[in-house]
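What the coordinates show
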Amino acid sequence: EPEVTQTPSHQVTQMGQEVILRCVPISNHLYFYWYRQILGQKVEFLVSFYNNEISEKSEIFDDQFSVERPDGSNFTLKIRSTKLEDSAMYFCASSEEYFGPGTRLTVT
Amino acid sequence: ILNVEQSPQSLHVQEGDSTNFTCSFPSSNFYALHWYRWETAKSPEALFVMTLNGDEKKKGRISATLNTKEGYSYLYIKGSQPEDSATYLCASNNAGNMLTFGGGTRLMVKP
C-alpha cells in the first residue's frame, strides 16, 4: 500500500520564524495538496500543485506561504514569517485519496 | 465560499447497531463528493469518491449514497464494531481542485 510521509511530526517555532514542512508524496501521482486543520475547526484546503506549479490556492494561502517540489520527490510548504494563528495540523495529500499523517505546527 | 455540513457532530452507538450520518453540500457546480475515515493519530483514509446522482458505493459494512440535486450524501455502517470508532469526514469538490470539508462526525462504538 503506497503511503505519504511527512516530516517533522511536530514543529515548535517562535512567531516570525520561517518553517518548512516536508512531504514525500506517492511518486507516480500528478496532483499534490496541502491542507490544514486548526484545533477544533474544519480541515481547510490551502493549495494544489500540478506539473510543478500551483494549480489552485485558497484565500488562506497568501504571500507568506509557498510550495515547491525541488527534487521531484519532496513536496514542501514554507511559511515565511509564522504567526500565532498558523498553529495547526498541516496535511499533505497525494491525489485526493492519500493523506500523510500530518505535521503539528505550534507557533509560540 | 462553499459550506459543507455534517450531522450529527458525534454519535455513540452499541456494538452491533447500524448507524448513518449525513453530509450536505452545495449542489451547484458539483463535481465529486469524498468520504474519509479518520482515526486519531492516523492519516485520513479515503473511503469513497462519488460523482453521479443516485450513486451508491459499498465497502464491506460501510456504504454511501449520493443525491447531487438536493446536495446530500448519507454514510451507513451496518453492524457497527468498536474498530469503526473514528471521525468520518466528507468533502465536496465543486469544480476546480479545491476540496471543502465538513466538520466530521465522530463515531464511538461501545463494546
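Please read all numbers here as calculations on a predicted model, not as lab measurements.

Considerations on the sheet that holds strand 7 (residues 62-67) of chain B
Residue and element names in this part refer to chain B.
- The strand order across the open sheet built from five strands is 1-3-8-7-6, with neighbouring strands paired in antiparallel fashion. The open sheet has two free edges, formed respectively by strand 1 (5-7) and strand 6 (56-59), since each of these has just one partner strand. Adjacent strand axes in the sheet meet at a mean angle of 15°, parallel and antiparallel pairs treated alike.
- The sheet contact formed by strand 7 and strand 8 (residues 72-77) spans six bridges and is antiparallel. Within the sheet, the bridge partner assigned to Ser63 lies in strand 8 and is Tyr76.

Quick notes on the state of the cysteines
Residue and element names in this part refer to chain A.
- Applying the stated criterion across every chain, the model contains two disulfides over all chains.
- Shown here is the disulfide that connects Cys23 with Cys92, its sulfur atoms set 1.9 Å apart. For the disulfide bridge between Cys23 and Cys92, the dihedral angle about the S-S bond is near -55°, and by the sign convention the bridge is left-handed. Taken together, the residues span a long stretch of sequence, with Cys23 in strand 3 (residues 19-24) and Cys92 in strand 9 (residues 88-94) at a distance of 69 residues. Cys92 carries the same exposure label as Cys23, and that label is buried.

Thoughts on the pattern of salt bridges
- Considering all chains together, one arrives at six salt bridges over all chains under this definition.
- The partner of Lys42 of chain A in a salt bridge is Glu5 of chain B, and the shortest N-O contact between them spans 3.5 Å. Here Glu5 of chain B lies in strand 1 and Lys42 of chain A lies in the loop between strand 4 (31-37) and strand 5 (43-50), a pairing that spans two chains.
- Among the residues examined, Glu5 of chain B registers a relative accessible area of 37% and is labelled partly exposed.
- The salt bridge involving Asp84 of chain B is made with Arg61 of chain B; its shortest N-O contact spans 2.8 Å. Residue Asp84 of chain B is located in the loop between strand 8 and strand 9 (86-93), and its partner Arg61 of chain B is located in the loop between strand 6 and strand 7; the two are separated by 23 residues in the primary sequence.

A short note on the interface of chain B and chain A
- Taken together, the contacts link 20 residues of chain B with 19 residues of chain A.
- Across the chain B to chain A interface the summed buried area is about 1600 Å²; carbon plus sulfur atoms make up 55%.
- Its largest share of buried area at the contact with chain A, chain B owes to Asn97, Met98 and Phe101 of chain B, together 38% of the area lost on that side.
- If you look at where chain B meets chain A, you find one salt bridge.
- Along the contact surface separating chain B from chain A lie eight residue pairs in polar contact (both at pLDDT 80 or more).
- For the side of chain B that touches chain A, the secondary-structure elements that each account for two or more residues are strand 4 (32-38), strand 5 (45-50), strand 9 and strand 10 (99-101) of chain B.
- Top contributing element to the side of chain B that touches chain A by residue count: strand 4 of chain B, with three residues.
- A breakdown of the residues in the side of chain B that touches chain A according to their chemical character gives 11 nonpolar, eight polar and one charged.

Reading the values: the criteria
Each chain carries its own residue numbering, running from 1 in the written order of its sequence. Chains carry letters and ligands carry numbers; both start at the beginning, A for chains and 1 for ligands, and go up in the order they are written. The predicted nature of this model means local features are confined to residues of pLDDT at least 70 and side-chain atom pairs, given and counted, to a pLDDT of 80 or more, with totals for whole chains, interfaces and linings taken over all residues. To obtain the side-chain values, all non-hydrogen atoms of the structure were used and water was disregarded. When DSSP finds at least two bridges between two strands, those strands are taken to pair. In this text, helices come from DSSP runs of H or I with a minimum length of four residues, and strands from runs of E with a minimum of two, each type numbered from the N-terminal end. For helices, the axis comes from a line fit to the C-alpha atoms of the stretch in contact; other axes are also lines fit to C-alpha atoms, and the angle between any two N-to-C directions lies between 0 and 180 degrees. The disulfide definition used here is simple: a pair of cysteine sulfur atoms within 2.5 Å. Relative accessibility under 20% of the residue-type maximum defines a buried residue, over 50% an exposed one, and the middle range a partly exposed one, all with a 1.4 Å probe and only protein chains included. By definition here, a salt bridge exists when the distance from a side-chain nitrogen of Lys or Arg to a carboxyl oxygen of Asp or Glu is within 4 Å. In what follows, a contact means two residues having at least one pair of non-hydrogen atoms within 4.5 Å. Here the buried area means the combined drop in accessible surface, using a 1.4 Å probe, for two parts upon being joined, counting both sides. Counting of polar contacts relies on pairs of N or O atoms within 3.5 Å, with two restrictions inside protein: one atom must be capable of donating a hydrogen and the other of accepting it, and residues adjacent in sequence are counted only when both atoms are side-chain atoms. Side-chain classes are defined by residue name, with Ala, Val, Leu, Ile, Met, Phe, Trp, Tyr, Cys and Pro counting as nonpolar, Asp, Glu, Lys and Arg as charged, and the others, Gly among them, as polar.

Geometric descriptors of this kind do not, in isolation, establish any biological role.
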